[in-house]
Amino acid sequence: MNEKAIVLDEQAIRRALTRIAHEIIERNKGIDNCVLVGIKTRGIFIANRLAERIQHIEGKSIEVGELDITLYRDDLTTKSADGEPFVKGSDIPVDINNKKVIVVDDVLYTGRTVRAAMDALIDIGRPSQIQLAVLVDRGHRELPIRADYVGKNVPTSLNEKITVHLTEVDQQDKVSIFE
């Protein structure tokens, strides 16, 4: 695959996350009773960055958790080479019952990852509300799921791929489209 274009550079990612942080605060009238939950792997890093921005804006911290959706995926057999899923484990440091849980991920595509995340959350507790924040929405939904907060909408064809690179794992920040 060849890199067709850089959709977001480091500055654009920073601006998008700052805007999403403001939108989360505005929609929820503050951050009381809110929890950010990042989907492993890159969603966690985005959730942590959002938490930093929210702390800076609001002057108070928001809880952040990590969600492993491996066992909730409906494509386990097509995702693992040896047929055995690699479970990383979830870590949500707060009771999510009656909380507004904002699920955070890097790319929204078919909606299946988000569906799996909702199933995993419901097994952990009963939030009063589940919202979705994504850095990139590339379209092509297979399930009736939409994001509440979007960094950038990037219409793609089915033969294109969106790749998110974050400093925490890739030593650089950028979002690229490949064909």
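See the structure above.
For every chain, the first residue of the written sequence is number 1, and numbering continues from 1 along that sequence. Since the coordinates come from a predicted model, pLDDT governs what is reported: local features require at least 70, and pairs of side-chain atoms require 80 or more to be given and counted, while whole-chain, interface and lining totals use all residues. As a rule here, side-chain values cover all heavy atoms of the structure and leave hydrogens and water aside.

(A) Main features of the overall build of the protein chain. Secondary structure is summarised from DSSP: a helix means a run of H or I of at least four residues, a strand means a run of E of at least two, and numbering begins at the N terminus for each. The secondary structure content of the protein chain amounts to five helices and eight strands. Going residue by residue from the N terminus, the α and β elements of the protein chain occur as β-α-β-α-β-α-β-α-β-β-β-α-β. For the radius of gyration, the atom set is restricted to C-alpha positions; the globular benchmark scales as 2.2 Å times the number of residues to the power 0.38. Over its C-alpha trace the protein chain gives a radius of gyration of 16 Å, about what one expects of a compact globule, namely 16 Å for 179 residues. Its C-alpha atoms put the protein chain at 45 × 40 × 30 Å along the principal axes. Under the scheme applied here, a residue whose accessible area is under 20% of the maximum for its type counts as buried, over 50% as exposed, and between as partly exposed, the area being computed with a 1.4 Å probe on protein chains only. By residue count, 47% of the 179 residues in the protein chain fall in the buried class. Within the protein chain, contacts between residues separated by at least 24 positions form 71% of all contacts whose residues are at least 6 apart in sequence. For the protein chain, the exposed area adds up to about 9,400 Å²; of that, 46% sits on carbon and sulfur atoms. Working convention for charge: Lys and Arg count positive, Asp and Glu count negative, and His plus the chain ends are omitted. By convention, charge coordinates are those of NZ in Lys, CZ in Arg, CG in Asp, or CD in Glu. Computed over 25 positive and 29 negative side-chain charges, the separation of the two mean positions in the protein chain equals 4 Å. Only heavy atoms matter for contacts: two residues are in contact if any of them lie within 4.5 Å across the pair. Methods summary: accessible areas were calculated by the Shrake-Rupley approach with a probe of 1.4 Å, and residue burial reflects only the protein chains presented.

(B) Inspection of the sheet that holds strand β2 (residues 34-39) at higher detail. Here the rule is simple: two strands pair whenever DSSP picks up at least two bridges between them. With parallel pairing, the five strands of this open sheet are ordered in space as β3-β2-β4-β5-β6. Every other strand in the sheet has two partners, leaving β3 (63-67) and β6 (149-153) as the edge strands with one partner each. For this sheet, the mean angle separating the axes of adjacent strands, direction not counted, is 25°. To get an axis, a line is fitted to the C-alpha atoms, and for a helix only the part in contact is used. The angle between two axes follows their N-to-C directions and goes from 0 to 180 degrees. Of the strands in this sheet, β2, β4 (100-108), β5 (129-137) and β6 touch helix α1 (residues 10-27), which is tilted by about 150° from β6. Docked against the sheet, helix α4 (residues 112-124) engages β2, β3, β4 and β5, running at close to 155° with respect to β4.

(C) Local environment of the packing of aromatic side chains. Aromatic rings from Phe, Tyr and Trp, with only the six-membered ring used for Trp, were paired whenever their centres fell within 6.5 Å, and each pair was classed as stacked if the ring planes differed by under 30 degrees, edge-to-face if by over 60, and tilted otherwise. Inspection of every chain in the model, using the stated rule, returns zero aromatic pairs. Look at NZ for Lys and CZ for Arg. If either is within 6 Å of the ring centre and within 35 degrees of the ring normal, a charge sits over the ring. Residue placement shows R138 over the ring face of Y109; its charged tip is 3.9 Å from the ring centre.

(D) A look at the environment of Q55. Relative to the elements of secondary structure, Q55 occurs in helix α2 (residues 42-58). Sequence-wise, Q55 and E168 are 113 residues apart; in three dimensions their C-alpha atoms are separated by 20 Å. Excluding anything up to four places from it in sequence, Q55 contacts K60 and S61.

(E) Just the nonpolar core, in detail. In terms of nonpolar packing, the biggest core is built from 33 residues, with L36, L50, L135 and V175 touching the most fellow members. Mapped onto this core, the elements with two or more residues apiece are β1 (3-8), α1, β2, α2, β4, β5, β7 (161-165) and β8 (174-178). Here this core takes eight residues from α1, the largest share from any one element. Discounting residues that sit within four places of it in the chain, V175 has contacts with A5, I6, V7, L8, I13, L135, V136, I162, T163 and V164. Definition of nonpolar core: a set of buried residues of the types Ala, Val, Leu, Ile, Met, Phe, Trp, Tyr and Cys, connected through side-chain atoms within 4.5 Å.

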